[in-house]
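# Remarks on the overall topology
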Amino acid sequence: MILIGTMNITRTRGQGDFHCPTCGSLREYSLKSRRPFLTLYFIPTVPIGASELFVRCDGCKSNWDPAILNMSARDHQVAKDTQFRVEAFRASVLVVLHGGAINDREIEALLEIGHRILPEPIDRDDLGQLCSSAVQNRVSAANYVRSVCRAWSIEQKQRALGAMFVAATADAGLDAKTLVLLASLRDAMNLTDEEYESAIEAAIQWDDAAET
Ligand SMILES: [Zn+2]
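Residues numbered from 1 in each chain as written. Predicted model: local features only at pLDDT ≥ 70, side-chain atom pairs only at ≥ 80, totals over all residues.

## As for the overall build of the protein
The condition that has to hold: Helical segments are the DSSP runs of H or I of at least four residues, strand segments are the runs of E of at least two, and each set is numbered from the N terminus. A pair of residues counts as a contact when their C-beta atoms, built from backbone coordinates, are separated by no more than 7 Å.
Helices and strands together make up the secondary structure of the protein, namely 7 helices and 5 strands. By its C-alpha atoms, the protein is 70 × 40 × 30 Å across when sized along the principal axes. Sequence separation of at least 24 residues holds for 64% of the intrachain contacts in the protein that already meet a minimum separation of 6.

## What about helix H3 (residues 124-137)?
Note the following rule: In this scheme, a helix's expected span is set at 1.5 Å multiplied by one less than its residue total. Exposure classes come from backbone-placed C-beta atoms, where a residue is buried if 20 or more other C-beta atoms lie within 10 Å of its own, exposed if 12 or fewer do, and partly exposed in between.
Along its 14 residues, H3 runs 20 Å from first to last C-alpha, staying within 8% of the 20 Å computed at 1.5 Å per residue. Within H3, only 0 of the 14 residues are buried, leaving the element largely exposed. Just downstream of H3 lies arginine 138, where phi reads positive at about 50°.

## Considerations on the packing of helix H5 (residues 154-168) against helix H7 (residues 193-204)
Under the convention used in this document: Axis angles are defined between N-to-C directions and span 0 to 180 degrees, where every axis is a line fitted to C-alpha atoms and, for a helix, only to the segment in contact. To sort the angles, those under 35 degrees are grouped as roughly parallel, those over 145 as roughly antiparallel, those from 65 to 115 as roughly perpendicular, and the leftovers as oblique. Take the far helix as the reference: if the near one is turned anticlockwise from it by less than a right angle, the crossing is left-handed, and if turned clockwise, right-handed.
Their axes nearest at 8 Å, the elements H5 and H7 cross at an angle of 50°. The angle between H5 and H7 falls in the class oblique. Relative to H7, H5 is oriented so that their crossing is right-handed. Across the interface between the two elements, Ile154, Gln158, Leu161, Gly162, Phe165 and Val166 from H5 touch Glu195, Tyr196, Ser198, Ala199, Ile200, Ala202 and Ala203 from H7.

## Focus: helix H1 (residues 73-98)
In this model H1 runs 37 Å from its N-terminal to its C-terminal C-alpha over 26 residues, within 8% of the 38 Å that 1.5 Å per residue would give. Turning to H1, its buried residues are Phe84, Arg85, Glu87, Ala88, Phe89, Ala91, Ser92, Val93, Leu94, Val95 and Val96. The secondary structure elements touched by the buried residues of H1 are helix H2 (104-117), H3, helix H4 (141-148), H5 and helix H6 (176-188). Looking one or two places after H1, you find glycine 100, whose phi comes out positive at around 100°.

## Examining the nonpolar core
How we decide: By convention in this section, buried Ala, Val, Leu, Ile, Met, Phe, Trp, Tyr and Cys residues joined through C-beta atoms within 7 Å make up a nonpolar core.
Counting 34 residues, the largest nonpolar core has Ala91, Val95, Val145, Met164, Ala167 and Leu185 as its most contacted members. If near-sequence neighbours (up to four positions away) are discounted, alanine 167 is found in contact with Ser92, Val95, Val96, Ala109, Leu110 and Ile113. Ranked by size, the runner-up nonpolar core spans 5 residues in total, among them Phe18, Cys20, Tyr29 and Val55.

## Section: the domain arrangement of the protein
Here is the rule we go by: Here the limits of each domain have been adopted from an automatic or database domain assignment.
You can read the domains of the protein as domain 1 (4-71) and domain 2 (74-204). Computed from C-alpha atoms alone, the centre-to-centre distance between domain 1 and domain 2 is 38 Å.

## Brief notes about the environment of phenylalanine 165
You can see phenylalanine 165 is positioned in helix H5. Between the alpha carbons of phenylalanine 165 and alanine 203 there is a distance of 7.0 Å; along the sequence they are 38 residues apart.

## Focus on the packing of H1 against H4
Our working rule: We call Asp, Glu, Lys and Arg charged. Ala, Val, Leu, Ile, Met, Phe, Trp, Tyr, Cys and Pro are nonpolar, and the rest, Gly among them, are polar.
Where H1 contacts H4, the axes come no closer than 8 Å and their chain directions differ by 165°. Compared by their axis directions, H1 and H4 come out roughly antiparallel. For the pair H1 and H4, the crossing hand works out as left-handed. Facing Glu87, Arg90, Ala91, Leu94, Val95 and His98 of H1, the residues of H4 in contact are Ala141, Tyr144, Val145 and Val148. Here the contact of H1 with H4 is built from residues that sort into 7 nonpolar, 1 polar and 2 charged.

## Observations concerning unusual backbone geometry
Its identity as a non-glycine residue notwithstanding, tyrosine 41 has a phi of 50°, on the positive side. For tyrosine 41, the location among the structural elements is in the loop between strand S2 (25-40) and strand S3 (43-47). Phi at asparagine 190 is positive, roughly 60°, even though this residue is not glycine. Relative to the helices and strands, asparagine 190 resides in the loop between H6 and H7.

## Side note on the confidence of the model for the protein
What counts is decided by this rule: As a per-residue measure, pLDDT tells how confident the predictor is, with possible values from 0 to 100.
Here the protein averages 90 in pLDDT, while 97% of its residues score no lower than 70. Element-level pLDDT for the protein is lowest in H3, with a mean of 89, against a maximum mean of 96 in strand S4 (residues 52-57).

## Here's the deal with the pairing of S2
In summary, the side chains of a regular strand alternate between the two faces of the sheet. Which entries qualify depends on this criterion: Pairing between two strands requires that DSSP report at least two bridges joining them.
Pairing geometry for strand S1 (residues 4-20) and S2, over 16 bridges, is antiparallel. Paired with histidine 19 across the strands is leucine 26, a residue of S2. Here S1 folds back onto S2, and the loop between the two strands holds 4 residues, one of which, glycine 24, carries a positive phi near 70°. As paired strands, S2 and S4 are joined by 6 bridges and run antiparallel to one another. In the sheet register, serine 30 faces S4, and the bridge partner there is arginine 56. Bridging between S2 and S3 involves 4 bridges; their strand directions are antiparallel. For leucine 40, the partnering residue across the bridge sits in S3 and is isoleucine 43.

What follows is the structure in structure tokens.
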């Protein structure tokens, strides 16, 4: 019997410094290439695929596409901010879905929230798609927020809560069910009562407040 298998051969092609998003700081990296080989009796013989380049952080060992070497610390900040905005909007959608079917007033509220919070405004079609994928995933708003808010600052948590407040009160106002939901979001984000109240207060004055 001939023993045939495959293995990846990894080689280091270069080294340097880059801004690692996981470490959140400047780190040394190794630029590596990886290529699959056919092995005979565990000895690599012929390459069976193209070689693929990737960047590995020497600090945390996470791997990245080489395009990351062209990103500055400022680019990372923008990418992180965009991610927050998208997550906060998605959380607002989940809050509306928490109350069951979406009505016109809630759609209007979500479009307004999108206009304020997203890097680019969302239209009705995109919003509809976002809602149906959220319904399929069956993630509760509180669980979603709990999982994504680790990367948020306190200020971002408050902004997200404000958006979720506007979403939650779009239809029936501030009823008992909505208060319970908001309290569960506060707990999910580990906000103090003070942080929670000032976020709600800011959200109530949304219409007068300047856009940020
Ligand atoms: Zn790292």
